[in-house]
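Chain by chain, the residues:
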Amino acid sequence: MNKFWVVLSHTYLSKLKTKSFITTTVIMLAIILLMSNISNIIGFFDNGKKDTIGVMDESGQYYESFSAQLKAMKSDLGIKKIDNEKEGLKKVDKGDLTGLLIIKQDAQGLPSGVYKSNTISDESINNELTQTLTTIKNMQVTQKLNISQEQVATLYAPAAFEKIAIEDSAKTTEELNQARGLVYVILFIIYFGVIVYAGMIASEVAGEKTSRVMEILISSISPVQQMFAKILGIALLSITQMVIFFGAGYFSMKKALADLPDDFSSYLGFGGASTSTIIYAIVFALLGYFLYATIAAFLGSLVSRVEDVQSMITPMTMLVVIAFMLAMFGLGNPEASFVKITSFIPPFTPMLMFLRVGMLDVPVWEVAVSIGLLIATIAVLAIFGAKVYRGGVLMYGKGSSFKNIKQAIALTKKD
């Protein structure tokens with residue numbers, strides 16, 4: 001057992017000290033801090049400067065209502081009255097104005113606009129100006145038709161629509177929205193963890209084969225111990241990196257969202273999460289990792305060069321991508337038949353069953369069956385993988401993945 005811990009600690013510490021791990025961690029931390037403070041960064045470079053739009057009202061009757069409507073919308077746009085188009089365009093050219101809006105009157109006596117700017121790529125400005133002008137137009141039309149503002153509000157008000165779940169255990173709309181946020185975060189963690197760390201395991205095995213270290217290790221420790229020592233070593237590495245990422249992201253976003261009325265956990269959906277949901281999240285994340293890590297370990301043992309690892313684990317990666325895409329579709333309708341069926345298929349269970357337990361009241365027996373199937377699959381893969389692993393680590397050369405598996409098992413039997 002001491003040899004198991006030696007391999008585990010060696011795997012963890014050697015990867016922890018690599019330049020690639022340190023570089024990746026630093027880059028991801030920078031991205032997390034950048035994204036969580038993007039509004040502050042934009043404000044810093046803008047120096048608090050607002051976009052100012054010149055408004056030339058040819059009819060002489062819309063400027064005041066246009067200005068009032070922008071204020072009512074709490075727009076960040078500033079406006080300045082312009083009397084001459086050439087004067088306005090000169091200011092735009094000098095950078096004193098972001099653009100010039102010319103308000104005209106069409107054949108029906110309704111307002112229309114022409115916006116001129118050096119570039120028209122800023123859709124937010126275009127949309128705000130269009131929305132403001134449309135509101136003024138609607139107000140003028142209702143006045144001509146002798147329709148009061150109360151009648152207009154009644155006309156455009158959405159129909160009353162209330163959703164009531166008949167089952168006592170069904171989640172409310174608010175609970176579903178909170179659960180959806182939590183489920184999305186956990187699904188992304190599972191997806192990211194499998195894609196990154198399972199590939200790391202395969203590369204670790206292939207790398208040791210390249211240096212011929214494997215031939216020494218395989219004679220001193222059983223293949224099962226060696227395989228799971230590496231899997232657990234990378235698991236500890238992933239936990240270390242995740243703690244760093246989410247710790248930095250949590251405190252950074254908590255500071256950025258300090259003005260929110262609710263606390264940070266409620267904002268992400270964690271505040272209303274039940275204890276069982278959190279437990280299921282941990283269970284399915286761990287089982288999903290061990291499932292794909294076991295596959296990655298013995299696939300990595302079949303290649304002789306690190307460069308061949310990605311092509312070998314591509315089918316596994318595609319399974320993860322498919323599971324993630326199914327889960328994304330399932331977020332909108334977790335009761336769909338394809339979600340229920342695929343939640344019992346082991347490669348898809350970690351994401352799809354967690355999606356269901358996070359958003360629905362799933363019978364305990366269904367969860368138990370899915371977890372049982374997942375554990376059984378991991379056990380079968382571990383036994384099969386150990387046989388492939390023992391022979392695969394001694395194989396050097398090229399060949400198809402299926403042929404390599406057969407050769408690896410044959411080498412194990414000879415040993």
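Here, every reference points to the structure presented above.
Residues numbered from 1 in each chain as written. Predicted model: local features only at pLDDT ≥ 70, side-chain atom pairs only at ≥ 80, totals over all residues. Heavy atoms only, no water.

Draft legend 1. Representation of the overall build of the chain within the structure. Along the chain, the regular secondary structure elements total 17 helices and four strands. Within the chain, buried positions represent 38% of all 415 residues. In the chain, the share of contacts with a sequence separation of at least 24, taken over all contacts with a separation of at least 6, comes to 74%. In the form shown here, the chain has an accessible surface area of approximately 23,400 Å², with 63% of it arising from carbon and sulfur atoms. (Helix = DSSP H or I, 4+ residues; strand = E, 2+ residues; numbered from the N terminus. Buried < 20%, exposed > 50% of the residue type's maximum accessible area, 1.4 Å probe, protein only. Contact = heavy atoms within 4.5 Å. Areas by Shrake-Rupley, 256 points an atom, 1.4 Å probe, with all protein chains shown as cover.)

Draft legend 2. Inspection of the packing of aromatic side chains at higher detail. The final tally for this structure, using the stated rule, is five aromatic pairs. Arranged with centres 6.2 Å apart and planes meeting at 35°, the rings of tyrosine 280 and phenylalanine 284 form a pair that is tilted. One end of the pair is tyrosine 280 and the other is phenylalanine 284, both in helix H12 (residues 275–300) and four residues apart, which spans about a single turn. Overall, tyrosine 280 belongs to the partly exposed group, its relative accessible area being 23%. Under the relative-accessibility criterion, phenylalanine 284 is labelled buried at 0%. Through successive ring pairs, a cluster of aromatic residues spans Phe188, Phe192 and Tyr197. Over the ring of tyrosine 63 we find lysine 81; its NZ or CZ atom is 5.5 Å from the centre of that ring. (Phe/Tyr/Trp six-rings, centres within 6.5 Å; stacked < 30°, edge-to-face > 60°. Lys NZ or Arg CZ within 6 Å of the ring centre and 35° of its normal.)

Draft legend 3. Layout of the nonpolar core. Core analysis: the biggest nonpolar cluster contains 48 residues, and Phe284 and Met351 have the highest contact counts within it. Of all the secondary structure elements, the ones that give two or more residues to this core are helix H8 (173–210), H12, helix H13 (309–330), helix H15 (349–359) and helix H16 (364–392). Excluding anything up to four places from it in sequence, phenylalanine 284 contacts Thr349, Pro350, Met353, Phe354, Val357, Val367, Ser370, Ile371 and Leu374. (Core = buried A, V, L, I, M, F, W, Y, C linked by side-chain atoms within 4.5 Å.)

Draft legend 4. Up close: the sheet that holds strand E3 (residues 99–105). The four strands lie next to each other as E2-E1-E3-E4, forming an open sheet whose pairing is mixed. Whereas interior strands pair on both sides, the edge strands pair on one side only; in this sheet they are strand E2 (78–81) and strand E4 (111–117). Within this sheet the neighbouring strands show an average axis-to-axis angle of 30°, counted without direction. Sitting on the sheet, helix H5 (residues 85–94) touches strand E1 (52–57), E2, E3 and E4, and the angle it makes with E3 is about 155°. Contacting E1, E3 and E4, helix H6 (residues 123–144) crosses the sheet at an angle of about 165° to E4. (Pairing = 2+ DSSP bridges. Axes fitted to C-alpha atoms, helices over the stretch in contact; angles between N-to-C directions.)

Draft legend 5. Local environment of a negative patch on the surface. A surface patch of negative charge is lined by Asp51, Asp76, Asp122 and Glu123. Secondary-structure assignment places aspartate 122 in the loop between E4 and H6. For aspartate 122, a relative accessible area of 34% puts it in the partly exposed group. (Patch = residues over 30% accessible without salt bridge, like charges linked within 9 Å, V, L, I, M, F, W, Y side chains within 5 Å. Salt bridge = Lys/Arg side-chain N within 4 Å of Asp/Glu carboxyl O. Lys, Arg positive; Asp, Glu negative; His and termini not counted. Charge placed at Lys NZ, Arg CZ, Asp CG, Glu CD.)

Draft legend 6. Focus on a nonpolar patch on the surface. The grouping of Ile27, Ile31, Leu34, Met35 and Ile38 at the surface amounts to a nonpolar patch, some 440 Å² of accessible area in total. Per-element accounting of the nonpolar patch gives the leading share, four residues, to helix H2 (residues 19–36). By the element assignment, methionine 35 lies in helix H2. Assessed through its relative accessible area of 54%, methionine 35 is described here as exposed.

Draft legend 7. Main features of the packing of H13 against H15. Interhelical geometry of H13 versus H15 gives an angle of 15° and a closest axis separation of 8 Å. By the angle between their axes, H13 is roughly parallel relative to H15. Taken as a pair, H13 and H15 cross one another with a handedness that is right-handed. Where H13 approaches H15, its residues Val320, Ala323, Phe324, Leu326, Ala327 and Gly330 are matched on the opposing element by Met351, Leu352 and Leu355. (Parallel < 35°, antiparallel > 145°, perpendicular 65-115°, else oblique. Left-handed = near helix turned anticlockwise from the far one by under 90°.)

Draft legend 8. Fine view of the side chain of serine 343. In this structure, serine 343 sits in the loop between helix H14 (337–342) and H15. The class of serine 343 is buried, set by a relative accessible area of 0%. Among the polar contacts listed, one links the side chain of serine 343 to the side chain of arginine 356, at a separation of 3.2 Å. The residues contacting serine 343, other than those within four sequence positions of it, are Thr349, Leu352, Met353, Arg356 and Ser370. (Polar contact = N/O pair within 3.5 Å; in protein donor to acceptor, adjacent residues only side chain to side chain.)

Draft legend 9. Looking closely at the environment of leucine 110. Here leucine 110 is to be found in the loop between E3 and E4. Sequence-wise, leucine 110 and threonine 134 are 24 residues apart; in three dimensions their C-alpha atoms are separated by 9.9 Å. With sequence-adjacent residues up to four places away left out, leucine 110 is seen in contact with Tyr62, Lys104, Gln105, Lys137, Gln140, Val141 and Lys144.

Draft legend 10. A look at the pattern of salt bridges. Under the defined criterion, the tally for this structure stands at four salt bridges. Across the salt bridge formed by lysine 340 and glutamate 366, the nearest N and O atoms sit 3.9 Å from each other. Taken together, the residues span a long stretch of sequence, with lysine 340 in helix H14 and glutamate 366 in helix H16 at a distance of 26 residues. Glutamate 366 serves as the salt-bridge partner of arginine 356, at 2.8 Å between the closest nitrogen and oxygen. One end of the pair, arginine 356, is in helix H15; the other, glutamate 366, is in helix H16, and ten residues separate them in sequence. Comparing arginine 356 with glutamate 366, the two get one shared label, buried. Among the charged side chains, a network of salt bridges with common partners joins Lys340, Arg356 and Glu366.

Draft legend 11. Region of interest: the packing of H12 against H13. For the pair H12 and H13, the least separation of the axes is 9 Å and the interaxial angle reads 165°. With respect to H13, the element H12 is oriented roughly antiparallel. Of the two possible hands of crossing, H12 and H13 adopt the one that is right-handed. Residues Tyr292, Ile295, Ala296 and Leu299 of H12 pack against Met312, Ile313, Met316, Leu319 and Val320 of H13. Its residues assigned to classes, the contact of H12 with H13 shows nine nonpolar, no polar and no charged. (Nonpolar A, V, L, I, M, F, W, Y, C, P; charged D, E, K, R; others polar.)

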